[in-house]
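Summary of structural features
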Amino acid sequence: MDPVLKVDDINVYYGSIHAIKGVSFEVGQGEVVTLIGANGAGKSTTLNTIAGLLRSKTGSVTFMGEDMGKVPPHKVVSKGLALVPEGRRIFLQMTTQENLEMGAFTRKGVDAADLEQVFAQFPRLKERRKQVAGTLSGGEQQMLAMGRALMSHPKLLMLDEPSMGLAPILVEQIFEIIQGLHKAGTTILLVEQNAQAALSVADRGYVLETGKIVTSGSGQELLDSPAIKKAYLGG
């Protein structure tokens, strides 16, 4: 079976800075794949390139068999690719429910069943459906950003640093939700600084250092690797 996402030899620059250097990897149907690495390793840049917000000088990004190089960023979501950006980027003045409804903008109207499905996955959002999003806690805002992305029925859900800035108990909750989405068959590409949590839920992982993939393996292999333990897990 062809991978849902195939990234082949991408090179991305910010002006004269070579941020991504020949990165290649793939994500299979129903997999959780994680990119881990230190701050500034190029994880978010990779996601933004896949989402069409940045362009690679070389190589290709193929999603569901289609070359995404010519697809404008605003059309990417309607192809089935949803990005939950770092920092959440929810609409702070809108209510929780209005934010979720915005997630369905690529589809013809909001389906009440879709809303109920998101509320089943995130019961806290149901309790806060009429609340203005800017008044939600950090963890609730992260759940809202994920719920909003799910409203578009993504074939691939990309999560950029979902645990950033959250208390440990909320980090645990977010990763339980990611595991639940995985069990339900959602294909996920996860970028995360919390390597321990990311590798614990991932089928496979890739380690980025200064814009290059330096090692890869199953989530368990990377968790067990002495070099990874030393560099990323405080072991």
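In this report, the structure presented in the accompanying data block is examined. (Residues numbered from 1 in each chain as written. Predicted model: local features only at pLDDT ≥ 70, side-chain atom pairs only at ≥ 80, totals over all residues. Heavy atoms only, no water.)

This part covers the sheet that holds strand β3 (residues 32-36). Spatial ordering of the open sheet is given by β6-β7-β8-β3-β9-β10, a layout of six strands whose pairing is mixed. Of all strands in the sheet, those with a lone pairing partner are β6 (81-84) and β10 (212-218), marking the two edges. On average, adjacent strands in this sheet sit at an angle of 15° to one another, irrespective of strand direction. Here helix α1 (residues 43-50) sits on the sheet and contacts β3, β6, β7 (156-160), β8 (188-192) and β9 (204-209); the angle it forms with β8, its principal contact strand, is near 150°. Helix-sheet contacts for helix α7 (residues 168-183) involve β3, β7 and β8, and the interaxial angle to β8 is about 160°. (Pairing = 2+ DSSP bridges. Helix = DSSP H or I, 4+ residues; strand = E, 2+ residues; numbered from the N terminus. Axes fitted to C-alpha atoms, helices over the stretch in contact; angles between N-to-C directions. Contact = heavy atoms within 4.5 Å.)

Here β3 pairs with β9 via four bridges, running parallel. Considered in β9, the bridge of Val-33 is made with Arg-204. Where β9 lies against β10, six bridges are found, and the strand directions are antiparallel. Bridging from a neighbouring strand, Val-207 pairs with Thr-215 of β10.

The next point concerns the environment of Gly-59. Mapped onto the secondary structure, Gly-59 falls in the loop between α1 and β4 (60-63). In this structure Gly-59 comes out as exposed when scored by relative accessible area, which is 54%. Considering only alpha carbons, one finds Gly-59 and Asn-194, 135 residues apart in sequence, at a separation of 29 Å. In this view, Gly-59 contacts Asp-8 and Asp-9; residues no more than four positions away in its chain are not counted. (Buried < 20%, exposed > 50% of the residue type's maximum accessible area, 1.4 Å probe, protein only.)

One can find Ser-152 in the loop between α6 (138-150) and β7. In terms of polar contacts, Ser-152 uses its side chain to reach the backbone carbonyl oxygen of Ala-149, at 2.8 Å. (Polar contact = N/O pair within 3.5 Å; in protein donor to acceptor, adjacent residues only side chain to side chain.)

As a further point, take the sheet that holds β4. One open sheet holds the four strands; their spatial order is β2-β1-β4-β5, and the pairing between them is antiparallel. The open sheet terminates on both sides in strands that have one partner only, identified here as β2 (17-27) and β5 (66-67). Of the pairings in the sheet, the one linking strand β1 (residues 5-14) to β4 comprises four bridges and is antiparallel in character. Counted as the bridge partner of Asp-8 is Ser-60 from β4. Sitting on the sheet, α1 touches β1, β2 and β4, and the angle it makes with β1 is about 115°.

Its identity is not glycine, yet Glu-161 carries a phi of approximately 50°, on the positive side. Within the fold, Glu-161 resides in the loop between β7 and α7. On the accessibility criterion, Glu-161 (4% relative accessible area) is buried. A positive phi angle is found at Thr-210, which is not glycine, with a value near 40°. Note on placement: Thr-210 falls in the loop between β9 and β10. On the accessibility criterion, Thr-210 (57% relative accessible area) is exposed.

Geometry only, nothing functional implied.
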